Amino acid sequence: MDRTGADAYVYARASALLAKSWIGNRAKRLFDARRLQDLWAILYDDPVPMVPEGLLALLLERKFEQTVVDQFVDLLSAYERPDPVSAALLSLYEYNNLKSESAALAQGKGERPFIINLGPYSLFRHDAWPDIAGITHSSPCSWYNRVPRGEERTDWENRLDHEYYQNLWSALVSLHGRDRASVDPLIREEIILQNVVWALRLRVYYGMDADAIEPLLAGYGDSSSEDLRNPAREALSRAPDTWSDWADWKFRWLLNPGEEGIPWNLDPRHAQLSADRRLYRLARLSFHRNPFTTGTLVAFFKVKQLEEQMVRVAAEGLRLGASAEQVAELAGERM
């Protein structure tokens, strides 16, 4: 299929898929389910598996995640030469696959964990299990050649996250013209926000200082991408327990609420939820503003990530017995 035909097919097919997605008002139906069996019946035509509820929730989430990936792979495969940004976005699942395999080996498990099948877009040789070096051989992550030890795990997982965003940025700058313009605002915003959230998480949860964090930010070492890191740098210069110290920060809207004179501590989790909410709204606007460009696939990917979150919140809420109010609040923070 030539580029014009592929663009038309992808936009039409993606539009149809999004119209049936469990986002916005349609997501509310997920939260009307009172049992995991009911949620399964809403999502799938297949019979409900006869397994304990804890396992049913896991199977439900895995099945949905694979469905989302299959849809994206189908759209991407319409192109003779898929764009590098979409391929880079898809690699997020592959990095998570590697983390799962490594964690299973670290826990002494002999059976390979569930992995998302990316088909022709897989980076790793998963059939080499349980040989980590074999799995990552000749891939961009060939340095990940064994199970990390102790505190190495956090460092190695941070490096995987760092490489994901570095590759995403490199893919973005390789585009030109309308394709570059259609994805630049969304991808740029995502990397900026993830750099901020990443910096806050490393500082609050791991006690790292600015000098240790900066080399881990996406775009580090690239003088042309200073704007990707500047908001995170500014965040690292402010006190994590003083609300007033953030008063003039451009990205203050990311932070958990505070009041002058009342004890307050920075919450990276709240920042992540705020960032997710903004990105999903940008993606939904971007999809229809950039038809017949690379932006169609990129926006579709981000909106489908929101849909995954909605299904996961609904399933986990039922599994844990959370109240309808608690589930609705958590889902609403992302919508």
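Our subject is the structure that appears above.
What you are looking at is a predicted structure, and each value in this text was computed from that prediction instead of being measured. (Residues numbered from 1 in each chain as written. Predicted model: local features only at pLDDT ≥ 70, side-chain atom pairs only at ≥ 80, totals over all residues. Heavy atoms only, no water.)

**Let's talk about the overall build of the chain**
Check the secondary structure of the chain and you find 13 helices and 0 strands. Helices (α) and strands (β) of the chain occur, in sequence order from the N terminus, as α-α-α-α-α-α-α-α-α-α-α-α-α. In summary, the chain has a C-alpha radius of gyration of 21 Å against a globular reference of 20 Å for 335 residues, a match within 12%. Dimensions of the chain along its principal axes, counting C-alpha atoms only, are 55 × 50 × 45 Å. The long-range fraction of contacts in the chain, counting pairs at least 24 apart against all pairs at least 6 apart in sequence, stands at 61%. When the accessible surface of the chain is summed, it comes to about 16100 Å², and 50% of that surface belongs to carbon and sulfur atoms. Counting 40 positive and 48 negative side-chain charges, the chain places the centres of these two groups 4 Å from one another. (Helix = DSSP H or I, 4+ residues; strand = E, 2+ residues; numbered from the N terminus. Rg over C-alpha atoms; globule rule 2.2 N^0.38 Å. Contact = heavy atoms within 4.5 Å. Areas by Shrake-Rupley, 256 points an atom, 1.4 Å probe, with all protein chains shown as cover. Lys, Arg positive; Asp, Glu negative; His and termini not counted. Charge placed at Lys NZ, Arg CZ, Asp CG, Glu CD.)

**Observations regarding the pattern of salt bridges**
Summed over the entire model, instances satisfying the criterion amount to 21 salt bridges. Note that Arg-35 and Asp-38 form a salt bridge whose closest N and O atoms lie 3.1 Å from each other. One salt bridge in this structure joins Arg-278 and Glu-189, with 2.5 Å as the shortest N-O distance. Of this pair, Arg-278 sits in helix H11 (residues 268-289) while Glu-189 sits in helix H8 (residues 177-206); the two residues are 89 residues apart in sequence, bridging distant segments of the chain. In this structure Glu-189 comes out as buried when scored by relative accessible area, which is 15%. It is possible to trace a salt-bridge network through shared partners that takes in Arg-180, Asp-184, Arg-188 and Asp-227. (Salt bridge = Lys/Arg side-chain N within 4 Å of Asp/Glu carboxyl O. Buried < 20%, exposed > 50% of the residue type's maximum accessible area, 1.4 Å probe, protein only.)

**Looking at the environment of Trp-264**
Inspection of the secondary structure puts Trp-264 in the loop between helix H10 (226-236) and H11. On the basis of relative accessible area, Trp-264 is assigned to the buried category, the value being 6%. For the pair Trp-264 and Ser-91, spaced 173 residues apart in sequence, the C-alpha to C-alpha distance is 37 Å. With sequence-adjacent residues up to four places away left out, Trp-264 is seen in contact with Ala-239, Pro-240, Asp-241, Thr-242, Trp-243, Trp-246, Leu-255, Asn-256, Pro-257 and Gly-258.

**So, unusual backbone geometry**
The omega angle of the peptide bond from Trp-129 to Pro-130 is 10°, so this bond is cis rather than trans. Phi at Ser-138 is positive, roughly 60°, even though this residue is not glycine. Its place among the elements puts Ser-138 in the loop between helix H6 (132-136) and helix H7 (152-173). A relative accessible area of 64% means that Ser-138 is categorised as exposed. Even without a glycine there, the phi angle at Phe-292 is positive, about 65°. Mapped onto the elements of the fold, Phe-292 is located in the loop between H11 and helix H12 (294-320). Residue classification places Phe-292 among the partly exposed residues on the basis of a relative accessible area of 42%.

**Side note on the packing of aromatic side chains**
Here the structure, examined in full by the defined rule, presents 15 aromatic pairs. Both rings, one in Tyr-11 and one in Phe-287, keep their centres 5.4 Å apart while their planes meet at 15°; by these two values the pair is stacked. With Tyr-11 in helix H1 (residues 3-19) and Phe-287 in helix H11, this pair connects stretches of sequence that are 276 residues apart. Of the two residues examined, Tyr-11 and Phe-287, each falls in the buried class. Aromatic pair Phe-72 and Phe-301: ring centres 5.1 Å apart, planes at 65°, arrangement edge-to-face. (Phe/Tyr/Trp six-rings, centres within 6.5 Å; stacked < 30°, edge-to-face > 60°.)

**Digging into a nonpolar patch on the surface**
Side chains of Val-204, Tyr-205 and Tyr-206 sit close together on the surface and give an oily, nonpolar patch of about 300 Å² of accessible area. With respect to the element layout, Tyr-206 can be found in helix H8. Judged by its relative accessible area of 45%, Tyr-206 is partly exposed. (Patch = residues over 30% accessible without salt bridge, like charges linked within 9 Å, V, L, I, M, F, W, Y side chains within 5 Å.)

**Points about the nonpolar core**
Judged by nonpolar contacts, the single largest core of 103 residues is most densely connected at Leu-30, Leu-43, Val-85 and Ile-187. Apart from the residues lying within four places of it in its own chain, the contact partners of Val-85 are Leu-168, Ala-171, Leu-172, Leu-175, Ile-187 and Val-298. (Core = buried A, V, L, I, M, F, W, Y, C linked by side-chain atoms within 4.5 Å.)

**Regarding the environment of Ala-57**
Topologically, Ala-57 is positioned in helix H4 (residues 53-76). For Ala-57, a relative accessible area of 0% puts it in the buried group. Sequence spacing of Ala-57 and Gln-37 is 20 residues, and the spatial spacing of their C-alpha atoms is 9.1 Å. With near-sequence residues (within four places) excluded, Ala-57 lies in contact with Leu-36, Ala-315, Glu-316 and Arg-319.

**Re H1**
Residue pairs three or four apart in sequence face the same way in an α-helix, which turns once every 3.6 residues. With 17 residues, H1 should reach 24 Å at 1.5 Å per residue; the first-to-last C-alpha distance of 24 Å fits that figure. Of the residues making up H1, those classed as buried are Ala-6, Asp-7, Val-10, Tyr-11, Ala-14, Leu-17 and Leu-18. Each buried residue of H1 sits inside an arc of 135° when the element is viewed along its axis, so together they form one side. The exposed residues of H1 that point more than 90 degrees off its buried face are Thr-4 and Ala-19. Those residues of H1 that are buried lie in contact with H4, H11 and H12. (Expected span 1.5 Å × (residues − 1). Arc of directions from axis to C-beta.)

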